[in-house]
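# Observations on chain architecture
Residue-level listing of the chains:
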Amino acid sequence: MSVASGKTRSSLTQEILSHLGLASKTAAWGTLGTLRTFLSFSVDKDVQRLLRAIAGQGVDRGSIVDVLTNRSREQRQLISRAFQERTQQDLLKSLQAALSGNLERTVMALLQPAAQFDAQELRTALKNSGSAEDVAVEILATRSPAQLQECLTVYKHNFQVEAEEDIKCETSGILQELLLALAMGARESYSGIIDYNLVEQDVQALRQAEGPSTEGTWVLIFTQRNPEHLVRVFDLYQRYTGHELEKTVHHLFHGDAQAALLSLASVIRNTPLYFADKLHQALQDIKPNYQVLMRILISRSETDLLSIRAEFKKKSGKSLYSSLQEAVKGDCRSALLALCRAEDM
């Protein structure tokens, strides 16, 4: 081995150890994700396995799926960088040339940094008027403040425009106000103390905001209060009125604005159930919505996919794994099943 390659290997090893820090990452094993840091991780072995998978006679899709769906996103980024150093080739482009269809799209999403993937999905949603209220709310309302800020930074870098400008150009009315407020990331953090006077004030404000020009009240409360506070607002609203707050949303709002507010209410009430409902809906059509399946399974695989699986089973009576087995066809089936991980008995 040359001195140069020895230095490269040493620096890469140090980088891996500094990124992974397995001794200090035991908490990762307590997450509700299905995909965790791979403890026997060897970047060299993974790079060599991927090279063999795409350089041999016929593409070894099984090996590609096995490596990428058993490594954390952080580890996949290290593999991608090491592949570039070893081969002077871009791993993403190499796999893109070797694969096709939904498996290609799934692998591309697995290899992208999370913020880049979110930024691309957000851009596509805003440019497609039929999904702005759905995908945009999903991304803007379910990412942590740090994740959201990184997504918006990447958005500006990649597309040379602020996401807020695209929101203003591509949406209007209450939907625009709602998305802009979410993009600001101004939601209050939960301090551990519930202000019951403020809960009462918000309930009364929403009860009075049922006429013209009062939509701003709904936007402000839905996008700035923390979820723990809002769950209590929803409960007290129902006690005072005798019906769920969503019924009022159905009555007062229409079209995209109604859909966005209902989605946001669902996120606030129970985020795993919100995603379970979206997965169930994506599997109901004659042809599954692979983009939705891919986006949710990848983006939630390291956070709360186990909780989403539990809500899916409770709601539909069938496990997410079995539902994917029955509905999904083609090469990407194995990748989506691997991210889901297992049956829920």
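The residue numbering used here restarts from 1 in each chain and proceeds along that chain's sequence as written. Given that the model is predicted, a residue must reach a pLDDT of at least 70 before its local features are reported, and side-chain atom pairs must reach 80 or more before they are shown or counted; all residues, however, enter totals for whole chains, interfaces and linings. The side-chain figures draw on all heavy atoms in the structure; neither hydrogens nor water molecules are used.

### Observations concerning helix α17 (residues 271-284)
Secondary structure elements are taken from DSSP: a helix is a run of H or I of four residues or more, a strand is a run of E of two residues or more, and numbering for both begins at the N terminus. Helices are assigned an expected span. That span is 1.5 Å times one less than the residue count. Between its first and last C-alpha, α17 extends 20 Å over 14 residues, near the 20 Å set by a 1.5 Å rise per residue. The complete set of buried residues in α17 reads Pro-272, Tyr-274, Phe-275, Ala-276, Lys-278, Leu-279, Ala-282 and Leu-283. By definition, residues are in contact when any of their heavy atoms lie within 4.5 Å. At its buried positions, α17 is contacted by α8 (132-142), α16 (255-269), α18 (290-300), α19 (305-316) and α20 (320-327). The N-cap residue of α17 is Asn-270: its side-chain oxygen and the backbone nitrogen of Leu-273 are 3.1 Å apart. Burial status follows relative accessibility: with a 1.4 Å probe on protein chains alone, a residue under 20% of its type maximum counts as buried, one over 50% as exposed, and anything between as partly exposed. A 3.5 Å cut-off defines polar contacts: any pair of N or O atoms within that distance qualifies, except that in protein one atom must be a possible hydrogen donor and the other a possible acceptor, and neighbouring residues in sequence count only when both atoms are side-chain atoms.

### Considerations on the environment of His-243
When you line up the elements, His-243 lands in the loop between α14 (227-241) and α15 (245-252). In contact with His-243, other than residues within four places in its own chain, are Tyr-237, Gln-238 and Thr-248.

### A short note on helix α4 (residues 73-87)
For α4, with 15 residues, the first-to-last C-alpha span of 21 Å sits near the 21 Å given by 1.5 Å per residue. Turning to α4, its buried residues are Arg-73, Gln-75, Arg-76, Leu-78, Ile-79, Ser-80, Ala-82, Phe-83 and Thr-87.

### Focus on the confidence of the model for the chain
Summary of the metric used: pLDDT quantifies the predictor's per-residue confidence within the range 0 to 100. Mean pLDDT over the chain: 90, with 91% of residues reaching 70 or higher. In the predicted structure, residues 1-11 sits below a pLDDT of 50 and forms 5 contacts with residues beyond four places in sequence or in another chain. Note that residues 13-30 has pLDDT below 50 and, in this model, 22 contacts with residues that lie over four places away or in other chains.

### Describing the state of the cysteines
Only a pair of cysteine sulfur atoms within 2.5 Å qualifies as a disulfide here. Applying the stated criterion to the full structure yields 0 disulfides. Cys-151 forms no disulfide, and the closest cysteine sulfur to it belongs to Cys-169, at a distance of 17 Å.

### Notes on unusual backbone geometry
Positive phi is not limited to glycine here, since Gln-88 has a value of about 60°. As for its position among the elements, Gln-88 is in the loop between α4 and α5 (91-98). At Gln-160, a position not held by glycine, the phi torsion is positive, near 60°. With respect to the helices, strands and loops of the structure, Gln-160 is situated in the loop between α9 (145-159) and α10 (163-170).

### What about the environment of Asp-331?
Along the chain, the position of Asp-331 falls in the loop between α20 and α21 (332-340). Along the backbone, Asp-331 and Gly-62 are 269 residues apart, and their C-alpha atoms lie at a distance of 9.2 Å. Sequence-distant contacts of Asp-331, that is, excluding residues within four places in its chain, are made with Arg-61 and Leu-103.

### A closer look at the pattern of salt bridges
The rule for a salt bridge is simple: a side-chain nitrogen of Lys or Arg has to be within 4 Å of a carboxyl oxygen of Asp or Glu. Enumeration over the complete set of coordinates arrives at 22 salt bridges. Two residues, Asp-118 and Arg-143, come together in a salt bridge whose shortest N-O distance is 2.8 Å. Of the two residues, Asp-118 sits in helix α7 (residues 114-127) while Arg-143 sits in the loop between α8 and α9, which places them 25 residues apart along the sequence. Each member of the pair Asp-118 and Arg-143 is classed as buried. In this structure, Asp-344 engages Arg-309 in a salt bridge whose closest nitrogen and oxygen atoms are separated by 2.9 Å. Of the two residues, Asp-344 sits in the segment after α21 while Arg-309 sits in helix α19, which places them 35 residues apart along the sequence. Per residue, the accessibility class of Asp-344 equals that of Arg-309, and both read buried. Taken together, the shared-partner salt bridges in this structure form one network comprising Glu-121, Asp-134, Glu-138, Lys-278 and Arg-295.

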